[in-house]
Amino acid sequence: MLRDDALEGTVALVTGGGTGIGRATALDLARSGSDVVVAGRRREPLEKTVADIELLGRRALAVPTDIRDDEQVSALVEHTLAKFGRIDILVNNAGGQFAAPAEEITSKGWRAVHRLAVDATWSVTREVAVTAMIPQRSGVVFFIAFSPRRGIPTFVHATSARAALENMASGLALEWSRYGIRTLCVAPGTIATDGMDANYTQEAKDRWSSAIPLGRPGAADEVSAVIAFLASPGARYVTGTTVVVDGGADAWGAGHPVPGLETHL
């Protein structure tokens, strides 16, 4: 969507860069001129992303990383700087969740989701900021939230974690703008990915589509194109906010009848 030199001279680090939105983002940033490092727990999809980036004529590096481990996060940033010398764009895409009624989410399950979505994301963000972006006095950091932003049934653990990321983006803009660092949150709605196909029925996907004013799920590259633009000089005055990419779902609301009241145990 951008000129192939719009991000020329920049280096991007994308967590969860082997599949879905992370992979699409890595490719779009490369198409726009970035060299890209992709991180994730599985080497094979990372290597596939790297191979496809290299076909675009850009440099790329795969660094298998569990971002819940602080030592691995430090090694990820060290490898990136050793290879490319700087980090200009950080996309905190890694995350994970499961569907469950709120009353069935255990403390262990709650902590597992928040540890990855919030704690690990902060670990990567701080390491990149302190080691690369603050010293170079420039950079843009992305967080990934969810839409609808009011909450999603059976995902209260995940939506509360993603709400924290929205606040992190706005809060960091208040502190890090003085270093030339922009911090943004992107909130995708229902996005058609391989993960969605593997984990949800067609009935569920059709129900979600019925609550989207544009009438369909989004595609991963419809999110990644927005991220690439926001990373570009064209968005240099945008920071501290959340950009929703959801076909109008957040504006519409839940879009389904509320569940019936249960008056008896």
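So, here is what we can say about the structure in this document. Every chain begins its residue count from 1, and numbering advances along the sequence as written. Per-residue local features of the predicted model are confined to residues with pLDDT of at least 70, and side-chain atom pairs are confined, for both listing and counting, to 80 or more; whole-chain, interface and lining totals are unaffected and use all residues. Think of the side-chain values as coming from all heavy atoms in the structure, minus any hydrogens and water.

**Things to note about the nonpolar core**
(1) Moving on: Here the nonpolar core consists of buried residues drawn from Ala, Val, Leu, Ile, Met, Phe, Trp, Tyr and Cys, with membership extended through side-chain atoms lying within 4.5 Å. Whether a residue is buried, partly exposed or exposed follows from its accessible area with a 1.4 Å probe, protein chains only, as a fraction of its type maximum: under 20%, in between, or over 50%, in that order. Membership of the largest hydrophobic core comes to 36 residues, with the highest contact counts inside it found for Val-128 and Phe-143.
(2) Moving on: A run of DSSP states H or I qualifies as a helix once it reaches four residues; a run of E qualifies as a strand once it reaches two. Both are numbered from the N-terminal end. For this core, the secondary structure elements donating two or more residues are β1 (11-15), β2 (35-40), α3 (70-84), α4 (107-136), β5 (139-144), α5 (156-176) and β6 (181-188).
(3) Moving on: Considering every element that reaches this core, the biggest residue donor is α4, with ten residues.
(4) Moving on: Contacts are assigned to residue pairs with any non-hydrogen atoms lying within 4.5 Å of each other. Excluding residues within four positions of it along the chain, Val-128 makes contact with Leu-13, Val-77, Ile-87, Leu-90 and Met-133.
(5) Moving on: Ala-24, Val-36, Ile-144 and Val-223 belong to the second-largest nonpolar core, a separate cluster that totals 32 residues.

**Observations concerning the packing of helix α1 (residues 20-31) against helix α8 (residues 220-231)**
(1) Moving on: Interaxial angle, 0 to 180 degrees, is taken between N-to-C directions of lines fitted to C-alpha atoms, where a helix line uses only the stretch in contact. Put simply, α1 and α8 touch, their axes get as near as 8 Å, and they point 45° apart. Our classification of the angle between α1 and α8 gives oblique. As for how α1 packs across α8, the hand of that crossing is right-handed. Touching Gly-20, Ile-21, Ala-24, Thr-25, Asp-28 and Leu-29 of α1 are Ala-220, Asp-221, Val-223, Ser-224, Ala-225, Ile-227, Ala-228 and Ala-231, all from α8.
(2) Moving on: Side-chain classes follow a simple rule in which Ala, Val, Leu, Ile, Met, Phe, Trp, Tyr, Cys and Pro form the nonpolar group, Asp, Glu, Lys and Arg form the charged group, and the remainder, Gly included, forms the polar group. In terms of residue class, the contact of α1 with α8 is built from nine nonpolar, three polar and two charged. The labels follow the angle: roughly parallel below 35 degrees, roughly antiparallel above 145, roughly perpendicular from 65 to 115, and oblique for the rest. In this scheme the crossing of two helices becomes right-handed for a clockwise turn of the near helix relative to the far one and left-handed for an anticlockwise turn of less than a right angle.

**Some words on the sheet that holds β2**
Strand-to-strand pairing in sheets goes through backbone hydrogen bonds, with the strands running parallel or antiparallel.
(1) Moving on: Paired strands, in this sense, are two strands between which DSSP finds at least two bridges. Reading across from one edge, β3-β2-β1-β4-β5-β6-β9 is the order of the seven strands in this open sheet, with parallel pairing throughout. The strands lining the two open edges of the sheet, one partner per strand, are β3 (60-64) and β9 (242-245). Looking at each pair of strands side by side, their axes are set apart by 15° on average, direction ignored.
(2) Moving on: In terms of strand pairing, β1 meets β2 through five bridges, oriented parallel. By the bridge assignment for β2, Thr-15 is matched with Ala-39.

**A look at the pairing of β5**
(1) Moving on: The element β5 is largely enclosed, with a buried count of six among its six residues.
(2) Moving on: Neither face of β5 is left uncovered, since the one carrying Gly-139, Val-141 and Phe-143 and the one carrying Val-140, Phe-142 and Ile-144 both have all their residues buried.
(3) Moving on: Summarising the sheet, strand β4 (residues 89-92) and β5 pair through four bridges and their orientation is parallel. From the neighbouring strand, Leu-90 faces β5, where its bridge partner is Val-141.
(4) Moving on: Crossovers are described as right-handed under a simple rule: with the strands pointing away from the observer, the path leading from the first strand over the helix to the second runs clockwise. For the handedness criterion, the β-α-β arrangement of β4, α4 and β5 is classed as right-handed.
(5) Moving on: One ladder, built from six bridges, connects β5 with β6; its direction is parallel. Counted as the bridge partner of Phe-143 is Cys-185 from β6.

**A few points about the environment of Lys-83**
(1) Moving on: Among the secondary structure elements, Lys-83 is positioned in helix α3.
(2) Moving on: Sequence-wise, Lys-83 and Val-37 are 46 residues apart; in three dimensions their C-alpha atoms are separated by 9.4 Å.

**A closer look at the environment of Gly-151**
(1) Moving on: By the element assignment, Gly-151 lies in the loop between β5 and α5.
(2) Moving on: Spatially, the C-alpha atoms of Gly-151 and Tyr-237 are 29 Å apart, while their sequence positions differ by 86 residues.

**Focus on the packing of aromatic side chains**
(1) Moving on: Whether two aromatic rings pair depends on their centres lying within 6.5 Å, for rings of Phe, Tyr and Trp, where Trp uses its six-membered ring; planes under 30 degrees apart make the pair stacked, over 60 edge-to-face, and the rest tilted. For the coordinates displayed, the defined rule picks out one aromatic pair.
(2) Moving on: Judged by centre distance (6.2 Å) and plane angle (20°), the ring pair of Trp-122 and Trp-176 falls under stacked. Of this pair, Trp-122 sits in helix α4 while Trp-176 sits in helix α5, and the two are 54 residues apart along the sequence.

**Quick notes on unusual backbone geometry**
(1) Moving on: The linkage connecting Ser-147 with the following residue, Pro-148, adopts the cis geometry, with an omega of 5°.
(2) Moving on: Looking at where Pro-148 falls in the secondary structure, it is placed in the loop between β5 and α5.
(3) Moving on: Although it is not a glycine, Arg-137 adopts a positive phi angle of roughly 60°.
(4) Moving on: Inspection of the secondary structure puts Arg-137 in the loop between α4 and β5.
(5) Moving on: Judged by its relative accessible area of 48%, Arg-137 falls in the partly exposed class.
(6) Moving on: Although it is not a glycine, Thr-154 adopts a positive phi angle of roughly 70°.

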